Amino acid sequence: MTAAGATAPNRRRWHVAEETRWAFIFLLPWIVGFVIFIAGPMLASLYLSFTDYNVIRAPELVGLDNYQQLMRDRRIPLSLGNTLFYALLHVPLLIIISLFLASLLVRVGRAAGAFRTAFYLPNVTPAVAVGTLFLLLLAGGGLLNRVLGVFGIDGPTWLTDPTWVKPGIVIMSLWTLGSTVIILFAAMRNVPVELYEAATIDGAGTWKQFRHITLPFISGALFFVLIVNTIASLQIFAEVYTMFFASRSGPAQDSALFYTIYLFQKAFQDLDLGYASAMAWLLFVIILIITAFQVWGSRRFVYYAGDDK
Amino acid sequence: MTVQTSGVGGAPPPASVTAATTARAAAKPAAETRTPGMIVRRILYFAALFGATLIFVFPFIWLVSASLKTRQTVFNNDLFPFPLHFENYARIFEVVPLGNWFLNSTIVSVLAATTVTISSAIVAFGFAYFRFPGRNVLFWLVLASMMLPGAVMLVPNFLIWNALGQVNSPTFAPLWAGNLFGSAFYIFLLRQFFLGLPRELFEAARVDGASYPRMFWSIALPLTRAALIVVFIFELRAAWTDLMRPLIFLRDLALFTLPQGLNYLVKIYNPQGGGQGEFHLVMAASVIITLPMILIFFVAQRYFIEGIATTGSKG
C-alpha cells in the first residue's frame, strides 16, 4: 500500500478516484474503437438492413423488403447450404486428424518439436497462395489425382465437378490444420503422467486411456478449437475466392459459392449495401445460434481441472 | 511408485515416454521396458509422423518446382524441371507492379502489427492492473466482441472509410488505422500475461513515486516482451495474408497488396478461370508472397508455436 493513500480517509478516496481516472485513460483507445468500429457499425448495419442503399443515393427506408428478398433469393439457401456442408465436413475431420497427430506427437518425446514445426508451416502461407497452390494440386491431372492413381483410384476433376468441388476445398483447408495440432498437443502435455501410470497398472489399454484420461483432460482446449474453427469455417473467404471467383465467371462457381463470398459480391460488386447488411445479420444470428448450441452442449462434456462435480 | 525423474526442461514430459523411462529408473529388468512390441510401436509412430510431414511439406517443394517451369509444362507433374526457368521471377516483376505490391504489403503489415501491439498492450494493462467500477462489464464486452463475425462490420466500415476519403488512398488507412484502438483477442491475451506479473513489483514502484504510464512502460512491457512479440508476429501474418479488405478498399493496380495482386494474377492468367494460361508466373508470384512469412516463421518460430499453444490454454 502506498504511504500517502493509507493515512487520511479523504486522501484515500482521492487515490481511488485517481486510479479509476487512470484506468479509463488506459482503456480509452479501446472504448473509442468500440464505439466507432464495433457498436456504431453494428447499429448502422442493422439500420441499413432496412434500407435500399447503393452509396450514391441516400439510404431509403424499405421496411422488411431486404429480409423478404432473403427468403426468395435462391442463392441464399445455395450459399448457406454450401457453407454448412463445408463446415460440417471440415470441422469434425480437422479435429479428428489433429487429435490423431497430437497424440502421435505426445508419444515421440523430444522429436515432437521438429514435426510440430513442419505441421505448422502451411499455416504461415497466405491463404491466397494456398488457393493458387491447390489450383495446381487439385487440377485434373494434378498431384492429388496422381497419388490417388497409385492406389488405383481414378480421381475426380476437383475444380470443375460440382460434386467434388467442396470436398476438394475441405482437403485444401485440412492442409492448414497445424495450429489445431499445436493447441491440442500443448493440452495433452499437461495431462498428469501419474494418471496414465495408474491406468496402465489397472490394465487399461491405449484407447481406454485416451477415452477416459486424455479426452476429459483436454476437453477445454477441444472446446476452444471447436468454437473457433466453426466460426472461422462459416466465414471462409480468401482461398476460395481466389480459386473460383477471381474472374467473374468460371466453372463450378455455384458449388463454391460460400456465404461470405456471396455477401462480398452483393456489397462490393453489386453495391447493394442494404441487402448485404441484411445478409450480414442473418449470418450473425446463425453463428450466434450455432455457438450457443455448442456452448450448451459443452456443459455436458467439458471438464476443467479443479472442478469437482 | 517411483518419483518422476525424467522431466525435460521443466515442461511436463510426454506421457508414454515417461512411463517407459520411469520404469527404467526403477531399475526393472530391461526386457520389460524394451519389448519388441514397444519398439515396433515406436517405429510406427515415427513412420506415421514422417508420412504426415511429407504431406505438409511436399506442396511447398511442388510450388517452387512449378514456379520454375514454362507455360506448357507447369501442369505436367515433373518434380525436377529442366532447364530451370529462373527468368519467370524476372518476368513477373515486368508484367505487373510486383515491387509496388511487395512494398505496399510491407508498409501495411508493419504499421498494422506495430499499432495493434502498442494499443492492445495499453488497454490490456488497463484491465489487468487497475481496479475500478465497471471493469467486469467492460471486459465482458471485449470478450463478446471477439465472437462477432467480421462480416457484420464490413459494410459500415466501408462507409466510414469512404466518408473519410480513405478508399483507394496511398495512406492505406483502412487496412491498419483501426488497429490504433486495440484488438479484442490481443487485449485478452496480453491481459493474461500482465496478470501473471507479481503485483508487488508495481507496488514497490508506486512507493518510489513512479507514475502509471512509467510502470506500464518500464515494468510491465519489458517483462512481457515475449507476449508482445507473439502479438506482433500474429498481426504481421494476419495483415500480410488479408485479401478481403484490400479488395474492398484498394482499386489502383499500383496500390494493391500482395494477396490482392496474386488474386489479380489468377484472374488474368488462370486457365481454369478463362485466363491467358501463364500459370507458371502465378506460381512464381505465390513463392514471392509466401517466402517472407516462412523466413519470419523460422526466425521467430518459438514465438509462433508458444503463442498458438497459449491461445488454446487461455481460451
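The rules behind these values
One numbering rule holds for all chains: residues counted from 1, following each sequence as written. Labels are handed out in written order, letters beginning with A for the chains and numbers beginning with 1 for the ligands. Per-residue local features of the predicted model are confined to residues with pLDDT of at least 70, and side-chain atom pairs are confined, for both listing and counting, to 80 or more; whole-chain, interface and lining totals are unaffected and use all residues. Numbered from the N terminus, helices here are DSSP runs of H or I no shorter than four residues, and strands are runs of E no shorter than two. Values of the radius of gyration come from C-alpha atoms, whereas the globule rule sets the reference at 2.2 Å times the count of residues to the power 0.38. Exposure classes come from backbone-placed C-beta atoms, where a residue is buried if 20 or more other C-beta atoms lie within 10 Å of its own, exposed if 12 or fewer do, and partly exposed in between. The predictor rates its confidence in each residue with pLDDT, a number between 0 and 100. Once C-beta atoms have been placed from the backbone, residue pairs whose C-beta atoms lie within 7 Å are recorded as contacts. Boundary definitions for the domains trace back to an automatic or database domain assignment. Three categories are distinguished: nonpolar for Ala, Val, Leu, Ile, Met, Phe, Trp, Tyr, Cys and Pro, charged for Asp, Glu, Lys and Arg, and polar for the others, with Gly belonging to the last. Summarising the geometry, the arc corresponds to the directions from the helix axis toward the C-beta atoms. The term nonpolar core refers to a group of buried residues, namely Ala, Val, Leu, Ile, Met, Phe, Trp, Tyr and Cys, whose C-beta atoms join them within 7 Å.

Undergrad: I keep staring at the overall build of chain A and nothing clicks. Help me out?
TA: Of regular secondary structure, chain A possesses 16 helices and two strands. Radius of gyration (C-alpha) of chain A: 25 Å, far over the 19 Å computed for a compact globule of 309 residues. Across the 309 residues in chain A, those meeting the buried criterion constitute 40%.

Undergrad: Would you mind going over the confidence of the model for chain A with me for this structure?
TA: All names here are of chain A. Looking at chain A, pLDDT values average 89 and 93% of them are 70 or higher. Averaged over each element, pLDDT in chain A is lowest for helix α1 (residues 3-6) (43) and highest for helix α4 (residues 75-106) (96). In the model, residues 1-7 has pLDDT below 50 throughout and makes nine contacts with residues more than four positions away in sequence or in other chains.

Undergrad: Got a minute to help me understand the domain arrangement of chain B in this structure?
TA: By convention, interface size is frequently given as the accessible area that disappears when the constituent parts associate. Residues and elements named next belong to chain B. Taken domain by domain, chain B consists of domain 1 (15-91) and domain 2 (95-314). Here domain 1 and domain 2 have C-alpha centroids that lie 32 Å from each other. Contacts between the two partners involve eleven residues from domain 1 and, on the opposite side, ten residues from domain 2. Elements with a minimum of two residues in the side of domain 1 that touches domain 2: α3 (36-67) and α4 (87-95). With four residues, α3 is the largest single contributor of residues to the side of domain 1 that touches domain 2. Partitioned by chemical class, the residues of the side of domain 1 that touches domain 2 number five nonpolar, three polar and three charged.

Undergrad: Mind showing me how you'd approach helix α8 (residues 162-174) of chain A here?
TA: Because each turn of an α-helix spans 3.6 residues, side chains separated by three or four positions in sequence point in the same direction. Residue and element names in this part refer to chain A. Among the residues making up α8, those that are buried are Val165, Lys166, Gly168, Ile169, Met172 and Ser173. The buried side chains of α8 occupy one side of the element, clustering within an arc of 155° when seen end-on. Buried positions along α8 lie against α4, α6 (127-137), α13 (238-245) and α14 (253-256).

Undergrad: Looking at this model, I keep getting lost on unusual backbone geometry. Mind explaining?
TA: Both trends apply: most residues other than glycine have a negative phi, and most peptide bonds are in trans. All names here are of chain B. Note the cis peptide between Phe82 and Pro83, where omega equals -5°. Within the secondary structure, Pro83 is located in the loop between α3 and α4. In this structure, Asn168 takes a positive phi of about 60° despite not being glycine. For Asn168, the location among the structural elements is in the loop between α7 (150-163) and α8 (173-176). Given 14 C-beta atoms within 10 Å, Asn168 falls into the partly exposed group.

Undergrad: Looking at this structure, I do not really get the interface of chain A and chain B. What am I missing?
TA: Across the contact, 95 residues belong to chain A and 90 residues belong to chain B. In terms of residue count, helix α2 (residues 9-48) of chain A provides more of the side of chain A that touches chain B than any other element does, 19 residues in total. Here the side of chain A that touches chain B is composed, by residue class, of 67 nonpolar, 21 polar and seven charged.

Undergrad: Where do I start with the environment of Val123 of chain B in this structure?
TA: For Val123 of chain B, the location among the structural elements is in helix α5 (residues 98-129). Separated by 76 residues in the primary sequence, Val123 of chain B and Arg199 of chain B place their C-alpha atoms 18 Å from one another. Setting aside chain neighbours within four positions, we find Val123 of chain B in contact with Phe26, Leu27, Pro29 and Trp30 of chain A together with Gly182 and Ile187 of chain B.

Undergrad: Just to check I follow, could you spell out the domain arrangement of chain A for this structure?
TA: Looking at chain A, the domain boundaries give domain 1 (3-48) and domain 2 (68-298). For domain 1 of chain A versus domain 2 of chain A, the separation of C-alpha centres amounts to 39 Å.

Undergrad: What am I meant to see in the nonpolar core here?
TA: Nonpolar side chains in soluble globular proteins tend to be buried together. Of all hydrophobic cores here, the largest spans 164 residues; its most connected members are Leu184, Val240 and Ala280 of chain A together with Phe125, Leu190 and Ala285 of chain B. For this core, the leading source of residues is α5 of chain B, giving 14 residues. Discounting chain neighbours no more than four positions away, the residues touching Ala280 of chain A are Ser45 and Leu263 of chain A together with Ala151, Val152, Leu154 and Val155 of chain B.

Undergrad: Any chance you could explain the environment of Val266 of chain B here in plain terms?
TA: Within the secondary structure, Val266 of chain B sits in helix α14 (residues 258-269). The spacing of Val266 of chain B and Glu278 of chain B is twelve residues in sequence and 9.2 Å in space, taken between C-alpha atoms.

Undergrad: Sorry if this is basic, but what is going on with the confidence of the model for chain B here?
TA: Do not read the predicted coordinates in detail wherever pLDDT is low. Residue and element names in this part refer to chain B. Overall, the predicted model of chain B reaches an average pLDDT of 86, with 87% of residues at or above 70. Between the elements of chain B, mean pLDDT differs from a low of 39, seen in helix α1 (residues 15-25), to a high of 97, seen in α5. A low-confidence stretch, residues 1-32 stays under pLDDT 50, and its non-local contacts, those more than four residues away or across chains, total 44 contacts. Both confidence scores are given for the complex: pTM 0.87, ipTM 0.88.

Undergrad: In this structure, what is going on with the environment of Asp270 of chain A? I would like to understand it.
TA: Residue and element names in this part refer to chain A. By the secondary structure assignment, Asp270 is in the loop between α15 (259-269) and α16 (273-298). Looking at Asp270, the number of C-beta atoms within 10 Å reads 11, which means it is exposed. Put simply, Asp270 and Phe293 are 23 residues apart on the chain and 34 Å apart in space, counted from C-alpha to C-alpha.

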